[in-house]
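Fold and contact review
Each chain, written out:
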Amino acid sequence: MTQLPYAIDAETPLSQAELDVLRAQYEKEDVMVGVQTKFNYAWGLVKSNVRADQHLGVMLLSEIFRTSPERRRECLYYLALGNYKLGNYAQARKYNDLLLENEPGNLQATNLQTLIDDKVAKEGLMGVAIVSGVAVAAGVIGGILLRNLGRKR
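Please read these numbers as outputs of a predicted model, since none were measured by experiment.

Description of the packing of helix α2 (residues 35-47) against helix α4 (residues 72-86)
- Between α2 and α4, the shortest axis-to-axis distance is 9 Å and the interhelical angle comes to 30 degrees. In terms of orientation, α2 and α4 fall into the roughly parallel class. For α2 against α4, the interelement crossing comes out left-handed. In this structure, α2 uses F39, W43, V46 and K47 to contact α4, whose residues at the interface are E74, C75, Y78, L81, G82 and K85.

Concerning the side chain of N106
- With respect to the element layout, N106 can be found in the loop between α5 (89-102) and α6 (107-152).
- One polar contact links the side chain of N106 to the main-chain amide nitrogen of Q108, over a distance of 3.0 Å.

Concerning α5
- For α5, spanning 14 residues, the distance from its first C-alpha to its last is 20 Å, which sits close to the expected 20 Å at 1.5 Å a residue.
- Of all the residues in α5, the buried ones are Y89, A92, Y95, N96, L99 and L100. One side of α5 holds all its buried residues, which, seen down the axis, span an arc of 140 degrees. Exposed side of α5, more than 90 degrees from the buried face: A90, E101 and N102 are the residues found there.

A short note on unusual backbone geometry
- A positive phi angle, near 50 degrees, is found at D30, a position not held by glycine.
- Mapped onto the elements, D30 comes out in the loop between α1 (16-29) and α2.

Let's talk about the environment of G57
- With respect to the secondary-structure elements, G57 resides in helix α3 (residues 51-67).
- Considered as a pair, G57 and L79 are 22 residues apart in the sequence and their alpha carbons are 8.5 Å apart.
- Those residues in contact with G57, other than ones at most four positions away along the chain, are A42, L45 and V46.

Some points on the pattern of salt bridges
- Evaluated as defined, the whole model comprises five salt bridges.
- A salt bridge links R23 to D20, with the nearest nitrogen and oxygen atoms 3.1 Å apart. On the criterion of helical spacing, the pair formed by R23 and D20 is a turn pair, its members being three residues apart in helix α1.

A closer look at the environment of A10
- Tracing the sequence through the fold places A10 in the segment before α1.
- Residues A10 and L81 lie 71 residues apart in sequence; the distance between their C-alpha atoms is 6.6 Å.
- Ignoring any residue separated from it by four or fewer positions in sequence, one finds A10 in contact with L81, Y84, K85 and L115.

Structural notes on the packing of α2 against α3
- The N-to-C vectors of α2 and α3 enclose an angle of 150 degrees; their axes lie 7 Å apart at closest approach. Taken as a pair, α2 and α3 cross one another with a handedness that is left-handed. Seen from α2, the contacting residues are V35, K38, F39, Y41, A42, L45 and V46; seen from α3, they are D53, Q54, L56, G57, V58, L60, L61, E63 and I64.
- Broken down by class, the residue content of the contact of α2 with α3 amounts to eleven nonpolar, two polar and three charged.

Parameters and conventions
- Residues numbered from 1 in each chain as written.
- Predicted model: local features only at pLDDT ≥ 70, side-chain atom pairs only at ≥ 80, totals over all residues.
- Heavy atoms only, no water.
- Axes fitted to C-alpha atoms, helices over the stretch in contact; angles between N-to-C directions.
- Helix = DSSP H or I, 4+ residues; strand = E, 2+ residues; numbered from the N terminus.
- Parallel < 35°, antiparallel > 145°, perpendicular 65-115°, else oblique.
- Left-handed = near helix turned anticlockwise from the far one by under 90°.
- Contact = heavy atoms within 4.5 Å.
- Polar contact = N/O pair within 3.5 Å; in protein donor to acceptor, adjacent residues only side chain to side chain.
- Expected span 1.5 Å × (residues − 1).
- Buried < 20%, exposed > 50% of the residue type's maximum accessible area, 1.4 Å probe, protein only.
- Arc of directions from axis to C-beta.
- Salt bridge = Lys/Arg side-chain N within 4 Å of Asp/Glu carboxyl O.
- Nonpolar A, V, L, I, M, F, W, Y, C, P; charged D, E, K, R; others polar.

See below:
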C-alpha cells in the first residue's frame, strides 16, 4: 500500500459490482453514450487491477480528451494514472506534467509524480543490474573459453 494518501486511486479498485453498474450504464446508452457516462466507466476501468480494463479505460479517456476539450482537465489525472498502471511511464509523466503545469498544488498529481519517479528509478536500476549481470556472465564464459583454448595448444 502506498504511503502517499493522495495517490490512493493507484491501489483502490472498484468492486466488481460497482464496475458492473458503470458498464451497464455505458452499454445501455450504446451509440448515444454521454461524455459523463463514458468518463465514469473509464474511471472505473482505470482503477481496476485487470490490465485489459485499464487499457480500455485509457482508450476511452483518450477519446474524451481528443473530442471534448472542456473535459481535458478531468481526464489528465486518470490518463496519467492509467498509463502508470500499464507501465507506460513516459506517457504517464506527460499527462501528469500537463496537469501540474496548470495546477502545481494538485496533491493527487504530486503524489502520482512521486510514484512514477520511484517506479522509473526502480526499473532503471533493475535494468542496469540485468545488463551488468549479463556482462559479468559473458566475461566469465569468455574467460573460461579462452582458458580452455589456451590449454588445447
